Amino acid sequence: MTLLGIEFIGFSPEVDRRIWRMFESIKKGKTPPDRAIDMLIRVISEFICAYEGDPEVCEALETIIGKKVAVSIPGVTTATGTLLEGGEVEIEDGIDTGVPLATIYKLDTLYALLTGKLSDVEAIMSKKIEIKGLAQVIRWIAPFVALQNKKRNEHFRKNLERCVDKVLKKSGF
Amino acid sequence: MKEHLLLDGLVKILKSGIEARLENDEKARDWIKDLDRTVEFQLRGIGTISVKIKKGRIKVKAGSYPDADYILEADYDDIVEYVNGELGYSELLLKFALRNMNVKRAPLMLPSEFLNVLRIDEVFVLSRKKERFPRSLLDDARKIALDIGTCHYIP
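Everything quoted here is computed from the prediction, not taken from an experiment. (Residues numbered from 1 in each chain as written. Chains lettered and ligands numbered in written order. Predicted model: local features only at pLDDT ≥ 70, side-chain atom pairs only at ≥ 80, totals over all residues. Heavy atoms only, no water.)

**Regarding the overall build of chain B**
Stated formally: Numbering of helices and strands starts at the N terminus; helices are DSSP runs of H or I of at least 4 residues and strands are runs of E of at least 2. Think of it in three bands: residues with accessible area under 20% of the maximum for their type are buried, residues over 50% are exposed, and the middle band is partly exposed, with areas taken using a 1.4 Å probe on protein chains only. Areas reported as accessible are Shrake-Rupley estimates using a 1.4 Å probe. Residue values count occlusion only from the protein chains shown.
What chain B contains, in helices and strands, is six helices and five strands. Across chain B, helices and strands are ordered from the amino to the carboxyl terminus as α-α-β-β-β-β-α-α-β-α-α. Every one of the 155 residues in chain B was classed for burial, and the buried ones make up 49%. With an accessible surface of roughly 8300 Å², chain B has 54% of that area assigned to carbon and sulfur atoms.

**Points about unusual backbone geometry**
One non-glycine residue, Lys127(A), adopts positive backbone phi at about 60°. Tracing the chain through its elements places Lys127(A) in the loop between α5 (120–125) and β7 (129–132). Positioned with a positive phi, Arg99(B) is a non-glycine residue whose angle comes to about 65°. Structurally, Arg99(B) can be placed in the loop between α4 (89–97) and β5 (102–105). Residue Arg99(B) is classed as partly exposed on the basis of its relative accessible area, which comes to 46%.

**Some details on the sheet that holds strand β3 (residues 57–62) of chain B**
Residues and elements named next belong to chain B. So the rule is basically this: The pairing criterion is simple: DSSP has to find at least two bridges between the two strands. Axes here refer to lines fitted to C-alpha atoms; in helices the fit is confined to the stretch in contact. Angles between the N-to-C directions go from 0 to 180 degrees.
Taken in spatial order, the five strands of this open sheet run β3-β2-β1-β4-β5, and their pairing is mixed. Each of the sheet's edge strands pairs with one partner strand only, and the pair in question is β3 and β5. Averaged over all pairs of adjacent strands, the angle between strand axes in this sheet comes to 20°, irrespective of strand direction.

**A look at the pairing of strand β3 (residues 68–73) of chain A**
On a regular strand, one side chain projects to one face of the sheet and the next to the other, so that they alternate. Residues and elements named next belong to chain A. Bridge count for β3 against strand β4 (residues 77–83) is six bridges, and the pairing is antiparallel. Directly across from Lys68, in β4, lies its bridge partner Thr82. The turn linking β3 back onto β4 is made up of three residues, and Gly75 within it adopts a positive phi angle of 80°. Two strands pair when backbone bridges link them, and β3 and strand β6 (residues 101–104) are joined in this way by three bridges, in the parallel orientation. Within β6, the residue paired with Ser72 across the bridge is Thr103.

**A closer look at the interface of chain B and chain A**
How we decide: By definition, residues are in contact when any of their heavy atoms lie within 4.5 Å. When two components associate, each loses some accessible surface as probed by a 1.4 Å sphere; the sum of these losses over both components is called the buried area. Every case where a carboxyl oxygen of Asp or Glu lies within 4 Å of a side-chain nitrogen of Lys or Arg is listed as a salt bridge. Polar contacts here mean pairs of N or O atoms no more than 3.5 Å apart (in protein, one a potential hydrogen donor and the other a potential acceptor; neighbouring residues in sequence count only if both atoms are side-chain atoms).
Listed as interface residues are 25 residues of chain B and, on the opposing side, 27 residues of chain A. Carbon and sulfur atoms supply 67% of the area that chain B and chain A bury against each other, a total of about 2200 Å² over both sides. Counting across the chain B and chain A interface gives one salt bridge. Asp77(B) is the salt-bridge partner of Arg139(A), the closest N and O atoms lying 3.4 Å from each other. Between the two partners, chain B and chain A, sit six residue pairs in polar contact (both at pLDDT 80 or more). Those elements that place two or more of their residues in the side of chain B that touches chain A are α1 (3–24) and α3 (76–84) of chain B. Per element, the largest residue contribution to the side of chain B that touches chain A is twelve residues, and it comes from α1(B).

Here it is as structure tokens:
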């Protein structure tokens, strides 16, 4: 399973269950919907920052600091994420113009994408998501995909659950 | 940024995209079952990516195969937008007409080859923009196809 070319194995059953509970709570209006987008943007930035300190990718990393990506779940929420130095992400409400935009038509699709149950290609093919400005996103992410190897992937997997756990705890799950 | 990293990443992304497409789309698998064609994308300022389709299998690599049937030269953004389905038929034809996208090599555009082009297109484009084929532009499409077939035919 891949997400934007990133090899992705999903989460442990326990974390998967917590993510599902958070999405159910969003659907019922008990949890702010921006938490779902928060999680997606953090997962992508976590992948990129798994390479921090790696001299081979320092230059590539520098070029994408400050870049923005917008995500929209129509009728639910919109947000724009900016990658900051040190792997931090700034997430603001709304969509900045001229920024690559991923439109995810259902919350369930986002859950399936995040937990590795659905690949990005399947989602695009079935028109569950639409990405405008994909060329720009791939230009940013391609060098990191090129440098994927076993050791780096292992590092990514370890950090990923920790990062998702942080968002889940922040939302009370 | 090191350009080879961008090119290598693009190859990996395109490969995983096509593999996922073929895994999930029976129609796409059928389209390429008997197809034997090599397509080369020359991305201006970045490099070359080649896709070899043979006996229902697809190989993707950076660089060229000596026997490419199609050579398409374009800007990186245009190629990605085409694959992502962000470019509709009209925009695509316009890009060809204005030479923003160039077909540098193609076999003679016999009806059977036109069908092959449609098959290849079906495998590459992830999600076609909702748009009817612009019949008013059919004549332009025919002219472009003839142009490609006559000017760049490699026997």
